[in-house]
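# Report on the structure
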Amino acid sequence: MSKNNNESCAFRTSIGGQALIEGIMMRGPKKQSIVVRKQDGELETKISDIKTPKNKNSILRWPIIRGTVNFLSSMVTGVKALTYSAEFFPEEEISEPSKLDLWLDKHLSNEKAEKAIIYISVVLGCLLSVGLFILLPTILAGWVSKLIPAAWVCNILEGAFRIILFIGYMWLCTKMKDIKRIWMYHGAEHKTINCYEQGLELTVENVRKQTTRHPRCGTSFMFLVMIVSILVFSVVSWNNVFIRMLLRIVLLPLVVGISYELIKIAGRYDNWFTRIISAPGKALQALTTAEPDDSMIEVAIEAMKLVIPEEKGSDKW
């Protein structure tokens, strides 16, 4: 493997990103950028300052707790960015607006309506994820436990169901045409960050040589949540399926918090431990990333350049 393709590097940046509809969002220590390639081929750029908490000793920044806080914050930020990128690719006009659209238009201003839609989307996304990947495996394992009452068998089956559902969901997403292009932009984002961490000039040629895998990917984080949930949920169990479901929900913030701390360690260090905890997530990125074309790489490079801090090294992870 050539030096440019080697995933190990001396510098790990805190800059991260997200693939959008025909675009990419990058978040640096102080700036956030969104770059979208419009239908006419031109790039639309949006830059904003990142607000950081003034109180560095806030309980919301404590280890474990900060994981859930940052996860929810990133979901809101991600939905906002996706909504912004979607505005450049309007769908065919619907003849009759929905009842929800009519209610929002009547009771809220345009700005408040947009915020309401964003937060509703985040809540629905969280409910879908919890229902599909946390509660459904618990229910399925509960049915099997009637045949095999051993608690350890139930826990193993629940974890297996959770991982199978998650991988199956990701695989189904790859079959959608629009999602395939987002996966390609996801690959461009990773390649650009890897190129920057290698200390190479951000050119299309240099970025193209990089790998599409990265240890701090959201896919890796979600897979870590699956693994950590198996360990945490196996410690506290209950025969009654409804109580067991309630325990899963109560313990979910702890699971997310532990997973966040692990992904931070994996992003900061390169040793045998971080390689082990990063390996499953990187393997799964074969589904959620794809090789981008040069135009996508150009978008990622532009988004990256806009958030690199002036003070060299101040974005160290």
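A brief look at the structure comes next. Residue numbers run consecutively from 1 along every chain, following the written order of its sequence. Predicted model: local features are reported for residues with pLDDT of at least 70 only, side-chain atom pairs are reported and counted for 80 or more only, and whole-chain, interface and lining totals are derived from all residues. Calculated side-chain values reflect all of the structure's heavy atoms, with hydrogen atoms and water omitted.

On to the overall build of the protein chain, then. A run of H or I in DSSP becomes a helix once it reaches four residues, and a run of E becomes a strand once it reaches two; helices and strands are each numbered from the N terminus. Broken down by element type, the protein chain carries ten helices and four strands. Reading the secondary structure of the protein chain in the N-to-C direction produces β-β-β-β-α-α-α-α-α-α-α-α-α-α. Each of the 317 residues in the protein chain was classed as buried or not, and the buried ones make up 41%. In this description, contact between two residues means that some pair of their heavy atoms is separated by no more than 4.5 Å. Excluding contacts between residues fewer than 6 apart, the proportion of contacts in the protein chain whose partners are at least 24 apart in sequence is 71%. Residue exposure ignores everything except the shown protein chains as possible cover, and the areas themselves are Shrake-Rupley values with a 1.4 Å probe. Approximately 18,100 Å² of the protein chain is accessible, and the part contributed by carbon and sulfur atoms is 62%. Each residue gets one of three labels from its accessible area relative to the maximum for its type: buried under 20%, exposed over 50%, partly exposed in between, using a 1.4 Å probe on protein chains only.

Another aspect to go through is the sheet that holds strand S2 (residues 23-27). With respect to topology, four strands assemble into an open sheet ordered S1-S2-S3-S4, the strand pairing being antiparallel. Pairing within the sheet leaves two strands with one partner each, and these edge strands are strand S1 (16-20) and strand S4 (43-49). Here the average twist between neighbouring strands, direction ignored, is 15°. Strands in contact with helix H1 (residues 65-86) are S1, S2, strand S3 (31-37) and S4; relative to S1, the strand with the most contacts, it is inclined by about 40°. In this analysis, axes come from line fits to C-alpha atoms, helices being fitted only over the stretch in contact, and the angle between any two N-to-C directions falls in the range 0 to 180 degrees. Together, S1, S2 and S3 form the strand contacts of helix H5 (residues 177-197), whose direction differs from that of S1 by roughly 160°. Pairing between strands requires that DSSP locate at least two bridges from one strand to the other.

This next bit is on helix H10 (residues 294-305). In this scheme, a helix's expected span is set at 1.5 Å multiplied by one less than its residue total. The end-to-end C-alpha separation of H10 is 16 Å, in line with the 16 Å expected for twelve residues at 1.5 Å each. Taken together, the buried positions of H10 are occupied by Met 296, Ile 297, Val 299, Ala 300, Ile 301, Ala 303 and Met 304. Buried positions along H10 lie against S2, S3, S4, H5 and helix H6 (204-208).

The next subject is a nonpolar patch on the surface. Among the surface-exposed residues, Ile 265, Tyr 269, Trp 272, Phe 273 and Ile 276 lie close enough to one another that they form a single nonpolar patch of about 540 Å² accessible area. Among the elements that line the nonpolar patch, the one with the most residues is helix H9 (residues 272-288), at three residues. Looking at the element boundaries, Phe 273 is found in helix H9. For patch detection, residues must exceed 30% relative accessible area and be free of salt bridges, and they are connected within 9 Å for like charges or within 5 Å for nonpolar side chains (Val, Leu, Ile, Met, Phe, Trp, Tyr). The working definition used for a salt bridge is a side-chain nitrogen of Lys or Arg within 4 Å of a carboxyl oxygen of Asp or Glu.

By themselves, these are just geometric observations and shouldn't be taken as functional.
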